[in-house]
Amino acid sequence: MNRPAAAEKPKSSAYDSRLLKTIRREETDVTPVWLMRQAGRYMENYRAIRAKHSMLEVIQTPELACEITMQPINAFDLDAAIIFADILPPLIGMGMNLEFVKGVGPVMDNPITTTKDVDMLACPPATLHLQSTLDAIKLVKAELEPKGIPLLGFSGAPFTLASYMIEGGGSKVYAKTKAFMYTEPAAWVRLMDKLVTVQADYLIQQAKAGADAVQIFDSWAGWALGQYDYNRYVAPYNTKLISMLGRSGVPVINFSTGTYPYLEDVAACGGDVVGIDWRMPLDEAWEKVGTDMAVMGNLDPIALLAPWGELKFRIDQVLDAADGRLGHIFNLGHGILPNTPIDNVRRLVDYVHERTAK
Ligand code: CP3
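This structure is a prediction, so every number in the text was calculated from the model and none was measured.

## Considerations on the packing of helix H4 (residues 62-75) against helix H8 (residues 131-144)
Then comes step 1: Where H4 meets H8, the axes come as close as 8 Å, and the angle between the chain directions of the two elements is 45°. When the axis of H4 is compared with that of H8, the two are oblique. The handedness of the crossing between H4 and H8 is right-handed. Two secondary-structure elements touch here, H4 through Pro-62, Glu-63, Ala-65, Cys-66, Thr-69, Met-70 and Ile-73 and H8 through Ser-132, Asp-135, Ala-136, Leu-139, Val-140, Glu-143 and Leu-144.
Then comes step 2: Here the residues of the contact of H4 with H8 sort into nine nonpolar, two polar and three charged.

As structure tokens, then:
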């Protein structure tokens, strides 16, 4: 879906970067590459900061979030930065008690169980509760501007966020979420609408603060739902969220995992780029998405734990499937793992550039 850039968004130095050109499906010197979760635990300097500060402290301190965002940019030849934050903090302003528990992950001790809980949720503007991330974006943008490297903002998609709110944390089968959806369809609509309102405002504010593109993570819809449920309970809200982002003036990356049985329905929700997970060959996925759209992906993150020969073979598979077609952003098919060797990250980034050089 190509939308004209909104007039109020001034061009940043990243406008002609490899990433933004590729999103517009223009020719670039090499294929752009960045890695989902590229700022994080596989880096020693990240672990050093986290040893002194909690996850929420880091996210809510712009200088620390900026420093962590820049760590992989300074260490590798990456073509994009992604702001250090998380998909879940926007839920705090809505009324959820979010905590990141060591060894467990995100936990909320006041999960949504009734329709009244949905009606109690607030929809505050991002400038009220998420200003620290907007300030971090401004700091990072100032550092990136001379380098011409684009900055990505992001949010969770409504289903993925709703699943955390109803389960009270992560889940394997999403039984509570699906039972709520089936039992209280009207409250489900109200919940999804509230999430759309909050995430749209948050992403528009991220673009205003300097994000050059935004990514929506629908990490779990594909694991929880079949095609019918996706189209009935999820797609209308992703479509609405993405269409509201027209106002942001920046391109949208529509990322999900496990959605390959109905990837065409995911693509139909919109966005300028569809993020592909690692379970399906990139060329087959691209056919389903439509070859007139840009795609991002799709190396299995666990390939980074393999010796170089095996890793290179798998990078080649992705690049062979992309076949030099305009509109391919190289990325992993999901987030990088904490035990990934740094040297493999460096080799991957450099090899993608070397192999795709015109
Ligand atoms: O570099 C980047 O990509 C930016 C940072 C980023 C984080 N979370 C930091 C983080 C991004 C883009 C996210 C998105 C996110 N958060 C998603 C969608 C992406 C995906 O992988 O599907 C989801 C589902 C979450 C929720 C979340 N946050 C979980 C389940 C966990 C615990 C498990 C885990 O992966 O560590 C987190 C914590 C979290 N978010 C960490 C980081 C670096 C680990 C915190 C730590 O222990 O230091």
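## What about the pattern of salt bridges?
Then comes step 1: A full pass over the atoms with the stated rule returns 17 salt bridges.
Then comes step 2: Put simply, Asp-135 and Lys-138 hold a salt bridge, and the shortest N to O gap is 3.9 Å. You can see Asp-135 and its partner Lys-138 sitting in helix H8, three residues apart, about one turn around the helix.
Then comes step 3: We classify Asp-135 as partly exposed; its relative accessible area is 28%.

## Let's talk about the site of the ligand
Then comes step 1: Not every one of the 23 residues close to the ligand is listed here, only the nearest: Arg-41, Tyr-46, Asp-86, Ser-219 and His-334.
Then comes step 2: With respect to the ligand, the side chain of Ser-219 contributes an N or O atom lying 2.4 Å from an oxygen atom.
Then comes step 3: The fraction of the free accessible surface of the ligand (870 Å²) that becomes covered by protein chains is 87%.
Then comes step 4: When residues of the shell around the ligand are traced back to their parent elements, those giving at least two are helix H2 (44-52) and strand S3 (105-108).

## Comments concerning a negative patch on the surface
Then comes step 1: Among the surface-exposed residues, Asp-283, Glu-284, Glu-287 and Asp-323 lie close enough to one another that they form a single negatively charged patch.
Then comes step 2: The residue Glu-287 is located in helix H15 (residues 282-289) in this model.
Then comes step 3: Assessed through its relative accessible area of 56%, Glu-287 is described here as exposed.

## Let's talk about the packing of H2 against H4
Then comes step 1: Taken N-terminus to C-terminus, the directions of H2 and H4 make an angle of 160°; their axes are 9 Å apart at the nearest point. In terms of orientation, H2 lies roughly antiparallel with respect to H4. In this structure, H2 meets H4 at a crossing whose hand is left-handed. Across from Asn-45, Tyr-46 and Ile-49 in H2, the residues of H4 making contact are Leu-64, Glu-67, Ile-68 and Gln-71.
Then comes step 2: Counted by class, the contact of H2 with H4 contains four nonpolar, two polar and one charged residues.

## A look at unusual backbone geometry
The phi torsion of most residues other than glycine is negative, and most of the peptide bonds are trans.
Then comes step 1: In the segment running from Gly-297 into Asn-298, the intervening peptide bond is cis, with an omega of -10°.
Then comes step 2: The topology assignment puts Asn-298 in strand S8 (residues 294-299).
Then comes step 3: Positive phi is not limited to glycine here, since Tyr-174 has a value of about 60°.
Then comes step 4: For Tyr-174, the location among the structural elements is in the loop between helix H9 (158-167) and helix H10 (175-183).
Then comes step 5: For Asp-323, which is not glycine, the phi torsion reads 55° and is therefore positive.

## Section: the environment of Asn-238
Then comes step 1: Secondary-structure assignment places Asn-238 in helix H13 (residues 227-244).
Then comes step 2: Not counting residues up to four positions away in its chain, the partners in contact with Asn-238 are Ala-157, Pro-158, Asp-218, Tyr-230 and Cys-269.
Then comes step 3: Here the side chain of Asn-238 touches Asp-218 through a polar contact of 3.1 Å, side chain to side chain.

What counts and how
Residues numbered from 1 in each chain as written. Predicted model: local features only at pLDDT ≥ 70, side-chain atom pairs only at ≥ 80, totals over all residues. Heavy atoms only, no water. Axes fitted to C-alpha atoms, helices over the stretch in contact; angles between N-to-C directions. Helix = DSSP H or I, 4+ residues; strand = E, 2+ residues; numbered from the N terminus. Parallel < 35°, antiparallel > 145°, perpendicular 65-115°, else oblique. Left-handed = near helix turned anticlockwise from the far one by under 90°. Contact = heavy atoms within 4.5 Å. Nonpolar A, V, L, I, M, F, W, Y, C, P; charged D, E, K, R; others polar. Salt bridge = Lys/Arg side-chain N within 4 Å of Asp/Glu carboxyl O. Buried < 20%, exposed > 50% of the residue type's maximum accessible area, 1.4 Å probe, protein only. Near = heavy atom within 4 Å. Polar contact = N/O pair within 3.5 Å; in protein donor to acceptor, adjacent residues only side chain to side chain. Areas by Shrake-Rupley, 256 points an atom, 1.4 Å probe, with all protein chains shown as cover. Patch = residues over 30% accessible without salt bridge, like charges linked within 9 Å, V, L, I, M, F, W, Y side chains within 5 Å. Lys, Arg positive; Asp, Glu negative; His and termini not counted. Charge placed at Lys NZ, Arg CZ, Asp CG, Glu CD.

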